[in-house]
Amino acid sequence: MNDDIELISDGDGLAVIGNPRAVELFLVSEGLPARDLKLQRLGPALSAGAAVAQAASEVAANSGRWVKLTKESAEKVQKFGLMPSKTPGVSHAMVGQPGSIKSWLQIQKAPKAIAGNPAVLAGAAGIMAQLAMQQTMEEITDYLARIEEKVDDVLRAQKDAVLARMIGVGLVIEEVMTVREAKNGRVDEVTWSKVQGAPATIAETQAYALRQLDALAEKLERKTAIGDLAKAAKEVESTAREWLAVLARCFQLQDAVAVLELDRVLDASPGELDGHRLGLKAAREDRLALISRCTERLMARLDAAAGRANTKVLMHPFDAPAVVQSSSHVSVAIVDFHGRLGIEGDRRSPEARRWADAAMEVTDKALETGAEGVDAAKRLGNATFDLARTATGKLSSLITDRASGQSGGDEG
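Residues numbered from 1 in each chain as written. Predicted model: local features only at pLDDT ≥ 70, side-chain atom pairs only at ≥ 80, totals over all residues. Heavy atoms only, no water.

K.L.:
A description of the confidence of the model for the protein should follow, citing residues and the corresponding values.
P.N.:
The pLDDT averaged across the protein works out to 79; a share of 73% of its residues lies at or above 70. With pLDDT under 50 throughout, residues 369-385 is counted as low confidence; its partners more than four residues away or in other chains account for zero contacts. Counted against residues more than four places away or in other chains, residues 398-404, with its pLDDT under 50, gives zero contacts. (pLDDT = per-residue confidence, 0-100. Contact = heavy atoms within 4.5 Å.)

Structure, rendered in structure tokens:
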């Protein structure tokens, strides 16, 4: 088979474009799970012109599949040496199986109509960005379901007007996403008008949730007594996950709005698509950084609380392990939350020291004092014994003298 395929990457995903049979063979041979790129959506949005018409024709003839770039999949495609394109942040390569060679190799050939046409490449990059965000949205849905947190229930349990508005915004965005699917990705002016005000409400709710997590971190920092710290840690454990769920929902809705924005720009102003894609990517990274800083501050307070509790295990055999256990549960929840949003990091949750371990440590320290410590203990013991014996002798003499005096008085 001499069919060549195009590889296009934006750093988050990989588009594999070409003859449907060649595309499928490449994905199977490289062990890459993929989903439909829906490249045909670009056709109606492309402007007129001979070059664009040729590109649109090739788009219609080819198949496109999208692969999420994880650490493993990125290593598999790295060998093909993708080169930067004229579209910022996007790289590409042509690969094929020339002759009898079984492995896929990069071939020195000018890019086809997809990567070779800036307008089409920008459109493909926009669709890839949408697929990456939709993948995250699906993972957040799985995250919320797996932790058995129904975010709408959490929101309804709150009386704050900010969170109440969030419910309505979520319902409207879900409705518009359904309409989008029915129109094959088209977002007209009427459809877009329904969600134009959504970003402000979502941002307001996100800020509210971040403040709540900061308040929990400050509460941990203020507590000094282990008993109070145990109560505060328990409260953090019971409420932090709810606010993480709210944050996850905010991020999910923000990604949904971004998907709709790219559709709207592709439909109304395709020439501005690439700049809008880059702007959305930068804004998304800023949101991730903000969320990461807040949750990492909370984890730092949890670590500090666990550290203080671990030093007080002997005196507080019940409260101290409870502090560490609560801290561990919340830290695990935050790490899981980070993974769903794509925040990188590697972390081990704190482990509580058992009371017996702490007692053994004290014993070991006593044994480490050596002979000098034993001798000192003996000297202290002997001195105490001598002092006690002297005091006992004096007390005995005093009693004897008093007894003798009393006897003499009776005789007289």
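K.L.:
So what's going on with the packing of aromatic side chains? Residues and values would help.
P.N.:
Tallied over the entire structure, the rule returns four aromatic pairs. Pairing phenylalanine 26 with phenylalanine 80 gives two aromatic rings, centres 5.6 Å apart and planes at 50°, and the pair type is tilted. One end of the pair, phenylalanine 26, is in helix 1 (residues 20-30); the other, phenylalanine 80, is in the loop between helix 4 (71-78) and strand 5 (83-84), and 54 residues separate them in sequence. Like phenylalanine 80, phenylalanine 26 is buried. (Phe/Tyr/Trp six-rings, centres within 6.5 Å; stacked < 30°, edge-to-face > 60°. Helix = DSSP H or I, 4+ residues; strand = E, 2+ residues; numbered from the N terminus. Buried < 20%, exposed > 50% of the residue type's maximum accessible area, 1.4 Å probe, protein only.)

K.L.:
Describe the pairing of strand 2 (residues 13-18), listing the residues and the values that go with them.
P.N.:
The element strand 2 is extensively covered by neighbouring structure, given that six of its six residues are classed as buried. Along strand 2, one buried face is formed by Gly13, Ala15 and Ile17 and the opposite face, lined by Leu14, Val16 and Gly18, is buried too. Note: strand 1 (residues 5-9) against strand 2, five bridges, orientation antiparallel. When the bridges of strand 2 are listed, isoleucine 8 appears paired with alanine 15. Hairpin connection from strand 1 to strand 2: three residues lie between these consecutive antiparallel strands, with glycine 11 at a positive phi of about 95°. Sheet topology note: the strand 2/strand 4 (residues 63-68) ladder contains six bridges and is antiparallel. Pairing of valine 16 across the sheet is with arginine 65, part of strand 4. (Pairing = 2+ DSSP bridges.)

K.L.:
Give me the lowdown on the nonpolar core, citing residues and values where you can.
P.N.:
The biggest cluster of nonpolar side chains holds 88 residues, and the ones touching the most others in it are Ile8, Leu37, Ile173, Leu213 and Leu298. For this core, the secondary structure elements donating two or more residues are strand 2, helix 5 (118-146), helix 7 (161-182), helix 9 (198-222), helix 10 (226-268), helix 11 (273-310) and helix 12 (319-341). At 24 residues, helix 10 tops the list of elements feeding residues into this core. When we break this core down by domain, the ones giving at least three residues each are domain 1 (5-46 + 56-116) and domain 2 (120-348). The contact partners of leucine 213, leaving out residues within four places of it in the chain, are Ala240, Trp243, Leu244, Leu247, Cys294, Thr295 and Leu298. (Core = buried A, V, L, I, M, F, W, Y, C linked by side-chain atoms within 4.5 Å. Domains from an automatic or database assignment.)

K.L.:
Before we move on, can you summarise the packing of helix 5 against helix 12 with the specific residues and values?
P.N.:
Packing of helix 5 against helix 12 leaves a shortest axis separation of 8 Å and a crossing angle of 155°. Judged on the interaxial angle alone, helix 12 and helix 5 are roughly antiparallel. Each of Thr136, Glu139, Ile140, Asp142, Tyr143 and Arg146 in helix 5 lies in contact with helix 12, whose residues at this interface are Ala333, Asp336, Phe337, Gly339, Arg340 and Leu341. Partitioning the contact of helix 5 with helix 12 into residue classes produces five nonpolar, two polar and five charged. (Axes fitted to C-alpha atoms, helices over the stretch in contact; angles between N-to-C directions. Parallel < 35°, antiparallel > 145°, perpendicular 65-115°, else oblique. Nonpolar A, V, L, I, M, F, W, Y, C, P; charged D, E, K, R; others polar.)

K.L.:
Give me the environment of tryptophan 192: which residues, what numbers.
P.N.:
Examined against the element boundaries, tryptophan 192 turns out to sit in helix 8 (residues 189-193). Judged by its relative accessible area of 16%, tryptophan 192 is buried. Apart from residues no more than four positions distant in its own chain, tryptophan 192 is found in contact with Val187, Val257, Leu260, Glu261 and Arg264.

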